[in-house]
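What follows is the residue order along each chain.
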Amino acid sequence: MRISAAVSGALAVLLLVLVAVGWPPLLSLDRDIAEALHRSAVAEPGLTHLNRILTDWVWDPWTMRALAAVAVGWLWWRRERLLALWVAGTSLLAVGLQQGVKAAVDRPRPSWPDPVDSAHYSAFPSGHVMTATVTCGLLLWVLALHWHEGRRGWGTLAGAAVVSVVGVGWTRVYLGVHWPSDVVGGWLLGWTCVAVAIVTYRAAERRRRAGSGPDAGRGTEEGR
(Lines give C-alpha, C1' and ligand atoms only; values in the text may rest on other atoms or scores of the structure.)
Protein backbone atom coordinates (compact mmCIF):
# COMPACT_ATOMS: atom_id res chain seq x y z
CA MET A 1 0.00 0.00 0.00
CA ARG A 2 2.93 2.34 0.62
CA ILE A 3 4.07 1.85 -2.98
CA SER A 4 0.55 2.49 -4.25
CA ALA A 5 0.34 5.71 -2.23
CA ALA A 6 3.73 6.89 -3.48
CA VAL A 7 3.05 6.08 -7.13
CA SER A 8 -0.43 7.62 -7.23
CA GLY A 9 0.80 10.67 -5.35
CA ALA A 10 3.73 11.16 -7.73
CA LEU A 11 1.48 10.80 -10.78
CA ALA A 12 -1.01 13.25 -9.28
CA VAL A 13 1.72 15.83 -8.74
CA LEU A 14 3.05 15.31 -12.27
CA LEU A 15 -0.41 15.76 -13.77
CA LEU A 16 -1.01 18.84 -11.63
CA VAL A 17 2.21 20.41 -12.92
CA LEU A 18 1.35 19.61 -16.55
CA VAL A 19 -2.08 21.16 -16.14
CA ALA A 20 -0.72 24.21 -14.32
CA VAL A 21 1.89 24.96 -17.00
CA GLY A 22 -0.54 24.22 -19.82
CA TRP A 23 1.41 21.43 -21.51
CA PRO A 24 0.17 21.59 -25.14
CA PRO A 25 -0.14 17.81 -25.85
CA LEU A 26 -2.27 17.35 -22.74
CA LEU A 27 -4.48 20.35 -23.53
CA SER A 28 -4.92 19.15 -27.12
CA LEU A 29 -5.94 15.67 -25.99
CA ASP A 30 -8.34 17.14 -23.44
CA ARG A 31 -9.94 19.32 -26.10
CA ASP A 32 -10.31 16.51 -28.66
CA ILE A 33 -12.00 14.14 -26.18
CA ALA A 34 -14.21 16.83 -24.66
CA GLU A 35 -15.40 18.08 -28.05
CA ALA A 36 -16.27 14.58 -29.26
CA LEU A 37 -18.29 13.80 -26.13
CA HIS A 38 -20.00 17.18 -26.16
CA ARG A 39 -21.22 16.60 -29.71
CA SER A 40 -22.73 13.33 -28.54
CA ALA A 41 -24.34 14.99 -25.52
CA VAL A 42 -26.00 17.62 -27.71
CA ALA A 43 -27.21 15.01 -30.20
CA GLU A 44 -28.53 12.56 -27.57
CA PRO A 45 -30.76 14.45 -25.10
CA GLY A 46 -32.10 11.25 -23.53
CA LEU A 47 -28.63 9.95 -22.70
CA THR A 48 -27.64 13.40 -21.51
CA HIS A 49 -30.60 13.46 -19.11
CA LEU A 50 -29.59 10.06 -17.73
CA ASN A 51 -26.04 11.31 -17.16
CA ARG A 52 -27.39 14.34 -15.32
CA ILE A 53 -29.46 12.14 -13.00
CA LEU A 54 -26.45 9.96 -12.26
CA THR A 55 -24.07 12.86 -11.62
CA ASP A 56 -26.53 15.07 -9.71
CA TRP A 57 -28.15 12.41 -7.53
CA VAL A 58 -26.62 8.94 -7.54
CA TRP A 59 -22.94 9.99 -7.55
CA ASP A 60 -23.30 13.52 -6.22
CA PRO A 61 -20.62 14.48 -3.65
CA TRP A 62 -23.27 14.95 -0.96
CA THR A 63 -24.58 11.43 -1.60
CA MET A 64 -21.06 10.12 -1.16
CA ARG A 65 -20.51 12.16 2.00
CA ALA A 66 -23.77 10.81 3.42
CA LEU A 67 -22.51 7.24 2.83
CA ALA A 68 -19.25 8.10 4.57
CA ALA A 69 -21.18 9.61 7.49
CA VAL A 70 -23.23 6.41 7.84
CA ALA A 71 -20.02 4.37 7.92
CA VAL A 72 -18.54 6.66 10.58
CA GLY A 73 -21.70 6.39 12.69
CA TRP A 74 -21.73 2.60 12.38
CA LEU A 75 -18.08 2.33 13.41
CA TRP A 76 -18.64 4.68 16.35
CA TRP A 77 -21.63 2.59 17.46
CA ARG A 78 -19.40 -0.50 17.33
CA ARG A 79 -16.89 1.36 19.53
CA GLU A 80 -14.27 1.32 16.80
CA ARG A 81 -13.53 4.94 17.54
CA LEU A 82 -10.07 5.13 15.98
CA LEU A 83 -11.26 3.74 12.66
CA ALA A 84 -14.32 6.01 12.72
CA LEU A 85 -12.12 9.05 13.28
CA TRP A 86 -9.77 7.92 10.51
CA VAL A 87 -12.60 7.64 7.97
CA ALA A 88 -14.08 10.99 9.00
CA GLY A 89 -10.70 12.71 9.07
CA THR A 90 -9.68 11.35 5.68
CA SER A 91 -12.95 12.50 4.14
CA LEU A 92 -12.55 16.00 5.55
CA LEU A 93 -8.88 16.28 4.62
CA ALA A 94 -9.71 15.16 1.08
CA VAL A 95 -12.22 17.99 0.76
CA GLY A 96 -9.62 20.46 2.00
CA LEU A 97 -7.01 19.12 -0.41
CA GLN A 98 -9.46 19.24 -3.29
CA GLN A 99 -10.41 22.85 -2.63
CA GLY A 100 -6.80 23.88 -2.10
CA VAL A 101 -5.67 22.38 -5.39
CA LYS A 102 -8.62 23.92 -7.21
CA ALA A 103 -7.71 27.35 -5.85
CA ALA A 104 -4.00 26.93 -6.60
CA VAL A 105 -4.43 25.71 -10.18
CA ASP A 106 -7.53 27.80 -10.96
CA ARG A 107 -8.20 25.98 -14.22
CA PRO A 108 -11.15 27.21 -16.30
CA ARG A 109 -13.87 24.73 -17.10
CA PRO A 110 -14.82 23.90 -20.69
CA SER A 111 -16.95 26.56 -22.36
CA TRP A 112 -19.52 25.67 -25.02
CA PRO A 113 -21.86 27.75 -27.19
CA ASP A 114 -24.58 25.14 -26.54
CA PRO A 115 -23.96 23.77 -23.02
CA VAL A 116 -25.99 20.83 -21.72
CA ASP A 117 -25.04 21.37 -18.07
CA SER A 118 -23.23 23.87 -15.86
CA ALA A 119 -20.89 23.79 -12.87
CA HIS A 120 -19.09 26.28 -10.66
CA TYR A 121 -15.59 26.78 -9.25
CA SER A 122 -12.32 25.75 -10.85
CA ALA A 123 -12.00 22.58 -12.89
CA PHE A 124 -8.94 20.71 -11.61
CA PRO A 125 -9.41 18.24 -9.99
CA SER A 126 -13.00 17.06 -10.42
CA GLY A 127 -14.68 17.29 -7.04
CA HIS A 128 -17.30 14.70 -7.97
CA VAL A 129 -14.64 12.21 -9.00
CA MET A 130 -12.30 12.80 -6.08
CA THR A 131 -15.13 12.54 -3.54
CA ALA A 132 -16.45 9.32 -5.09
CA THR A 133 -12.95 7.81 -5.18
CA VAL A 134 -12.25 8.64 -1.55
CA THR A 135 -15.66 7.50 -0.30
CA CYS A 136 -15.79 4.25 -2.27
CA GLY A 137 -12.18 3.45 -1.39
CA LEU A 138 -12.76 4.03 2.31
CA LEU A 139 -16.00 2.05 2.34
CA LEU A 140 -14.39 -0.94 0.63
CA TRP A 141 -11.54 -0.79 3.13
CA VAL A 142 -13.92 -0.72 6.10
CA LEU A 143 -15.95 -3.57 4.64
CA ALA A 144 -12.79 -5.60 4.03
CA LEU A 145 -11.94 -5.28 7.72
CA HIS A 146 -15.30 -6.71 8.75
CA TRP A 147 -16.23 -9.11 5.98
CA HIS A 148 -17.03 -12.68 6.97
CA GLU A 149 -18.41 -15.92 5.50
CA GLY A 150 -15.88 -16.28 2.73
CA ARG A 151 -16.52 -12.78 1.43
CA ARG A 152 -19.62 -13.80 -0.48
CA GLY A 153 -20.96 -10.82 -2.37
CA TRP A 154 -17.65 -9.01 -2.19
CA GLY A 155 -17.31 -8.97 -5.98
CA THR A 156 -20.69 -7.26 -6.33
CA LEU A 157 -19.78 -4.53 -3.86
CA ALA A 158 -16.36 -3.98 -5.39
CA GLY A 159 -17.92 -3.87 -8.84
CA ALA A 160 -20.47 -1.28 -7.72
CA ALA A 161 -17.67 0.85 -6.29
CA VAL A 162 -15.64 0.65 -9.50
CA VAL A 163 -18.68 1.48 -11.64
CA SER A 164 -19.40 4.48 -9.41
CA VAL A 165 -15.87 5.84 -9.54
CA VAL A 166 -15.46 5.32 -13.29
CA GLY A 167 -19.04 6.28 -14.08
CA VAL A 168 -18.98 9.63 -12.33
CA GLY A 169 -15.82 10.51 -14.25
CA TRP A 170 -17.57 9.71 -17.50
CA THR A 171 -20.59 11.87 -16.63
CA ARG A 172 -18.46 14.92 -15.81
CA VAL A 173 -16.70 14.88 -19.19
CA TYR A 174 -19.79 13.82 -21.15
CA LEU A 175 -21.78 16.73 -19.72
CA GLY A 176 -19.02 19.14 -20.69
CA VAL A 177 -18.22 20.46 -17.21
CA HIS A 178 -14.74 18.94 -16.90
CA TRP A 179 -11.71 18.13 -18.99
CA PRO A 180 -10.59 14.48 -19.04
CA SER A 181 -7.42 15.33 -17.11
CA ASP A 182 -9.58 16.85 -14.34
CA VAL A 183 -11.16 13.42 -13.93
CA VAL A 184 -7.82 11.61 -13.95
CA GLY A 185 -6.54 14.09 -11.37
CA GLY A 186 -9.56 13.34 -9.16
CA TRP A 187 -8.90 9.62 -9.39
CA LEU A 188 -5.20 9.96 -8.57
CA LEU A 189 -5.61 12.42 -5.70
CA GLY A 190 -8.58 10.49 -4.30
CA TRP A 191 -6.76 7.17 -4.30
CA THR A 192 -3.68 8.80 -2.79
CA CYS A 193 -5.82 9.98 0.13
CA VAL A 194 -7.25 6.48 0.63
CA ALA A 195 -3.87 4.75 0.40
CA VAL A 196 -2.23 7.19 2.82
CA ALA A 197 -5.14 6.74 5.23
CA ILE A 198 -4.74 2.96 5.19
CA VAL A 199 -0.96 3.13 5.67
CA THR A 200 -1.13 5.61 8.54
CA TYR A 201 -4.01 3.78 10.23
CA ARG A 202 -2.10 0.52 10.18
CA ALA A 203 0.92 2.27 11.69
CA ALA A 204 -1.24 3.86 14.39
CA GLU A 205 -2.84 0.50 15.16
CA ARG A 206 0.55 -1.18 15.52
CA ARG A 207 1.70 1.52 17.94
CA ARG A 208 -1.52 1.28 19.93
CA ARG A 209 -1.34 -2.50 20.17
CA ALA A 210 2.33 -2.43 21.11
CA GLY A 211 1.57 0.05 23.89
CA SER A 212 -1.41 -1.93 25.20
CA GLY A 213 0.30 -5.24 25.81
CA PRO A 214 0.06 -8.69 24.27
CA ASP A 215 -3.68 -9.10 24.88
CA ALA A 216 -4.68 -5.93 23.05
CA GLY A 217 -5.84 -5.69 19.50
CA ARG A 218 -8.25 -8.57 19.07
CA GLY A 219 -10.52 -6.36 16.96
CA THR A 220 -11.63 -6.94 13.46
CA GLU A 221 -8.57 -5.37 11.93
CA GLU A 222 -6.11 -7.90 13.33
CA GLY A 223 -4.69 -10.28 10.75
CA ARG A 224 -6.30 -8.65 7.74
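Asker: Help me understand helix α1 (residues 2-21), please; the structure alone is not making it clear to me.
Answerer: Helical periodicity: at 3.6 residues per turn, an α-helix aligns residues three or four positions apart in one direction. Here α1 contains 20 residues, and its C-alpha end-to-end distance of 29 Å stays within 8% of the 28 Å for a straight helix at 1.5 Å per residue. Those residues of α1 that sit buried are Ala5, Ser8, Gly9, Ala12, Leu15 and Val19. Around the axis of α1, the buried residues are gathered within 130° of arc, so they sit on the same side. Seen from the open side of α1, the exposed residues pointing more than 90 degrees away from its buried face are Arg2, Ile3, Val13 and Val21. The elements touched by buried residues of α1 are α2 (24-43), α5 (81-105) and α8 (180-212).

Asker: Quick question: what am I supposed to make of the packing of α5 against α8 here?
Answerer: Between two packed helices, both the angle of their axes relative to each other and the distance between the axes serve to describe the pair. Put simply, α5 and α8 touch, their axes get as near as 10 Å, and they point 150° apart. By the angle class used here, α5 and α8 are roughly antiparallel. Like other packed secondary-structure pairs, α5 and α8 cross with a definite hand, here right-handed. Residues Leu82, Leu83, Trp86, Thr90, Ala94 and Leu97 of α5 lie in contact with α8, whose contacting residues are Leu189, Cys193, Ala197, Thr200, Tyr201, Ala204, Glu205 and Arg208. When the residues that make up the contact of α5 with α8 are grouped by side-chain class, the tally is 10 nonpolar, 2 polar and 2 charged.

Asker: Would you explain the packing of helix α6 (residues 127-146) against helix α7 (residues 154-174) in this entry?
Answerer: At a minimum axis distance of 9 Å, the contact between α6 and α7 shows a crossing angle of 175°. By the angle between their directions, the pair α6 and α7 is classed as roughly antiparallel. Residues His128, Val129, Ala132, Thr133, Cys136, Leu140, Leu143 and Ala144 of α6 form the contact with α7, whose participating residues are Trp154, Leu157, Ala158, Ala161, Ser164, Val165, Val168, Gly169 and Arg172. Classifying every residue of the contact of α6 with α7 gives 12 nonpolar, 4 polar and 1 charged.

Asker: Sorry if this is basic, but what is going on with unusual backbone geometry here?
Answerer: A negative phi angle characterises most non-glycine residues, just as the trans form characterises most peptide bonds. In this model, Phe124 is joined to Pro125 through a cis peptide bond whose omega is -5°. Considering the arrangement of structural elements, one finds Pro125 in the loop between α5 and α6. With phi around 65°, Arg79 is a residue other than glycine that occupies positive phi space. Inspection of the secondary structure puts Arg79 in the loop between α4 (61-77) and α5. Despite not being glycine, Tyr121 shows a phi value in the positive range, around 70°. For Tyr121, the position within the fold is in the loop between α5 and α6.

Calculation notes
Residues numbered from 1 in each chain as written. Predicted model: local features only at pLDDT ≥ 70, side-chain atom pairs only at ≥ 80, totals over all residues. Heavy atoms only, no water. Helix = DSSP H or I, 4+ residues; strand = E, 2+ residues; numbered from the N terminus. Expected span 1.5 Å × (residues − 1). Buried < 20%, exposed > 50% of the residue type's maximum accessible area, 1.4 Å probe, protein only. Arc of directions from axis to C-beta. Contact = heavy atoms within 4.5 Å. Axes fitted to C-alpha atoms, helices over the stretch in contact; angles between N-to-C directions. Parallel < 35°, antiparallel > 145°, perpendicular 65-115°, else oblique. Left-handed = near helix turned anticlockwise from the far one by under 90°. Nonpolar A, V, L, I, M, F, W, Y, C, P; charged D, E, K, R; others polar.

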